[in-house]
Amino acid sequence: MVKNYLKVALRSLLKNRVFSLINITGLALGIAASLLILQYVNYELSYDNFNSNADRIYRLKTNRYEKGALSTEWAAGVVSIGHLLKENIADVEAYARLTQTGGVFSREDIEFSESQVYFANPDVFKVFDTKILYGDAESALNDPLSVALSRTTANKYFGKTDVVGETMYYNKNNQVKITAVFEDVPNNSHFKYDILASWSTIAQGQRGEDMNRVWYWDGYFNYVMLNEGVDADEFAKKVDDLVETQWGDEMRDGETWMDFDLQPLRDIHLYSNYMMEAEVNGDGDAVYALLGISFFIIIIAWVNYINLATAKSMERAREVGLRKVLGSLRGQLIRQFLTESFLINLLAVILAFAIVVLALPSFARLADQPMTLELFTQQGFWIGLGSLFLIGTFLSGLYPAMVLSSYKPVDTLKGGTVSNSRGAWLRKGLVVFQFMASVGLIIGTYTVYEQISFMRNQDLGIDIDQTLVINGPSVLDSTYQEKLSAFQEVMKTNANVQNVVVSTGVPGRGVNWNAGGIKKQGEPDTEGKQYRVIGIGYDFVETFGMEVIAGRSFDRSFGDEGSKILFSRSAAKQLGFNNPEEALNTNVDFWGEVYTVIGVTEDYHHTSLKEDFDQLIFRMIPDASGFYSIKYNAANTQEVVQLAEERWSQFFPGNPFEYFFLDDRFSEQYKADQRFGNVFTIFSGLAIFVACLGLFGLAAFMTAKRTKEIGIRKVLGASISSILQLLSTDFMKLIMVSVLLAIPIAYYGMSQWLSGFAFRIDLYWYIFAIPALLVLLIALLTVSFQTLRAAKSNPVESLRYE
């Protein structure tokens, strides 16, 4: 019996080749697109799942308030909170405390500049579930000047991994001992590190203050692993009580406050974007938006099958009648038609697998994820493929099978036509759903494109073009100031170099120097505010084309400018000045020292347009060693890089030459949004293509059904244009309904997405009109291809047997 079902199903597919091809192609594209997106989503959702204790681990985000208003939110917050929680609350099994450092590590003639270096307490291996290859996890980070290396880092310096007991140098002068080697941190970790140095190396903070007690130092990651069975909400209340006990009176005296949020470990990658994140995190909304697209595409493909199968049911009505007269039961007919659905979905799955194999490398580059052919060895991939196959077979095949098997022989064999008004309404509803989804996706794609273009092309208020930035030297000595001046002068003697300036930060990177308690001299401590501070050398403002809107910039001719500062417009406003001119010559209390405001600069975008203007203070630090910015002639970029590398080796030996172009680095902030936009665009295009495939097939069938009517109309004098209008009008009405339904839904969805940007586009009418017209045009061309052919046919061919 099964063999007979398959034989009849195959015969039916071959008899209706066009419809079979449309169904198989649409389903294959839908399944392939869904599989690719599901792998992307699965990877994004897998962050930190490798940690066996992930459900019990939380990061402590620090929130700081000034006079009751939230001022800053820190991913890397208060230095002491993890230690105090472990010391005072029995619910804490272990805590990890880390702060980033960096510098030059060397062994013999091998040296590299390392950035993924953190000071960490001994429990870090326990909290992060790090696999220790060599050494003892319990004692590895106990002693000062002890370090643990990742497998890759150990191989890089020693050519082997068993290097416990070996020594190397940090910034040339500090010998460190290797006490452990750990497995590389997985790619799907929100926190990656190559070298961990013992916390005891920096156990005592500045001015001898105890880092286990102080509450006003930020920049330290704190994670707690709770005991089994501890309720996170109840624990959060205990954290609030501890803050009140430890620092309540002190904070109230200054009218400042802080509290902590517990961030579940698995949520950090997709739902955390605060100050001093360990790395750029993902976007949970974008991930689930793509997941929604994958469902839309596969549903559109299944809808195509249902639409075409129910439309074709009128052709197969007599076949059903004959089968029933010859004794077929309804259950047998349902099994027959489900077999056809099974066969079509099976062929579609095979084709989808081939598409995934071919598209995987390109999609991996597009999504910037480590996807390889190893994907096909993963159980999840085959479960997903099998699920789509089985669900598709039954969901897309069951309704047509029920419709076809329900026809009565007396109605199908008496020579008339079988009508199914309920089925016609269903087909119309499904077409409306398909194109509503397609219009919504295209509006979303267009909005994403416009927002990204807006951010990339907006005037930043600062000139970052033709700027080569070198990471400053880590290995310094007492002659650094003289070497810096010599390097600047030598570089400027080249005709291609306009200037060389130094700073502690550059645009495109968050400002990590946060200063709280800054106020006008003589004001009470309760008036202190938080600002972001950038140390700059002379000519920085002029080199970067910053606009001074009041006062002046730093100038050597005025002598020592060390006690002078510049404010940005937003910073001056936060200090209480509505007019920038009012801020000039104001004395400011900056951590116990007095500085005089000599100028106010216009606000500029130091980071991406997702963020609002920051309150910036610029201090004169002529020997800053964070970054060297070189303004140059773009026509000779390579020559400037070569010259900079030669002079760098001459003046700063032992410091690796690491550079980047500032405009490229700034654009990297939008990399995730661009990636999302590209993926969104491709799969939105696939959705409209699959929807049009179904519309093409439906138009072909409905046109074929009305062939004789068209012949009669032509004999009676109807023009081609009138016939074209007749056949296209019904479809265009459905598309118009789709557009009208899609626009308000898309408006709400994109308004929500844009709310995450401080600077964003307005949703003007054309953002909805252009996609709507595009879909209408595509649908009209799709339908017209079939209807025009029918309208131009010779009526003799359709009426010769009448």
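As the structure is a prediction and not an experimental result, all values here were calculated from the model.

Colleague: Give me the overall build of the chain: which residues, what numbers.
Modeller: Along the backbone of the chain there are 24 helices and 22 strands. Taking all 802 residues of the chain together, 51% fall into the buried category. Put simply, the chain shows about 36200 Å² of open surface, and 54% of that area lies on carbon and sulfur atoms.

Colleague: Can you lay out the packing of aromatic side chains for me, pointing to particular residues and giving the numbers?
Modeller: Summed over the entire model, instances satisfying the criterion amount to 41 aromatic pairs. Ring geometry for W648 versus F652: centroids 4.8 Å apart, planes at 50°, classification tilted. A relative accessible area of 0% places W648 in the buried class. Exposure remark for F652: the relative accessible area of 3% places this residue in the buried category. Among the aromatic residues, those joined into a ring-pair cluster are Y480, F487, Y628, Y632, W648, F651, F652, F657, Y659 and F661. Between the NZ or CZ atom of R665 and the centre of the ring of F660, over which it lies, the distance is 3.8 Å.

Colleague: Break down the confidence of the model for the chain for me, with residues and values.
Modeller: Considering every residue of the chain, the mean pLDDT works out to 83; 87% of them sit at 70 or more. Looking across the chain, the model is least confident in helix α12 (residues 409-412), with a mean pLDDT of 57, and most confident in strand β10 (residues 221-226), with 96.

Colleague: Hey, could you go over a nonpolar patch on the surface for me, with residue numbers and the actual values?
Modeller: On the surface, F342, L346, L347 and I350 cluster together into a nonpolar patch covering about 320 Å² of accessible area. Here F342 shows up in helix α10 (residues 330-367). For F342, a relative accessible area of 33% gives the class partly exposed.

Colleague: So what's going on with the environment of G516? Residues and values would help.
Modeller: Mapped onto the elements of the fold, G516 is located in strand β14 (residues 514-520). A C-alpha to C-alpha distance of 10.0 Å links G516 and R64, two positions 452 residues apart in sequence. For G516, the residues in contact, after removing those within four places along its chain, are K529, Q530 and W591.

Colleague: Residue-level account of the pairing of strand β18 (residues 587-590), with values.
Modeller: One ladder, built from two bridges, connects β14 with β18; its direction is antiparallel. The residue of β18 that forms the bridge with K519 is D589. A loop of two residues connects β18 with strand β19 (residues 593-601), the two strands running antiparallel in sequence, and W591 in this loop sits at a positive phi of about 55°.

Colleague: Residue-level account of the pattern of salt bridges, with values.
Modeller: This structure, assessed with the given rule, holds 25 salt bridges. For E228, the salt bridge is made with R56, and the minimal N-O distance between the two is 3.6 Å. Placement of the pair is E228 in the loop between β10 and α6 (232-253) and R56 in the loop between α2 (17-45) and β1 (57-66), with a sequence separation of 172 residues. In this structure E228 comes out as exposed when scored by relative accessible area, which is 66%. For the salt bridge of E114 with K156, the shortest nitrogen-to-oxygen distance reads 2.8 Å. Remark: K156 occurs in helix α5 (residues 151-158) and E114 occurs in strand β4 (residues 110-120); sequence separation between them is 42 residues. Judged by its relative accessible area of 5%, E114 is buried. Within the structure, one salt-bridge network assembled from shared partners comprises R56, E93, K126 and E228.

Analysis parameters
- Residues numbered from 1 in each chain as written.
- Predicted model: local features only at pLDDT ≥ 70, side-chain atom pairs only at ≥ 80, totals over all residues.
- Heavy atoms only, no water.
- Helix = DSSP H or I, 4+ residues; strand = E, 2+ residues; numbered from the N terminus.
- Buried < 20%, exposed > 50% of the residue type's maximum accessible area, 1.4 Å probe, protein only.
- Areas by Shrake-Rupley, 256 points an atom, 1.4 Å probe, with all protein chains shown as cover.
- Phe/Tyr/Trp six-rings, centres within 6.5 Å; stacked < 30°, edge-to-face > 60°.
- Lys NZ or Arg CZ within 6 Å of the ring centre and 35° of its normal.
- pLDDT = per-residue confidence, 0-100.
- Patch = residues over 30% accessible without salt bridge, like charges linked within 9 Å, V, L, I, M, F, W, Y side chains within 5 Å.
- Salt bridge = Lys/Arg side-chain N within 4 Å of Asp/Glu carboxyl O.
- Contact = heavy atoms within 4.5 Å.
- Pairing = 2+ DSSP bridges.

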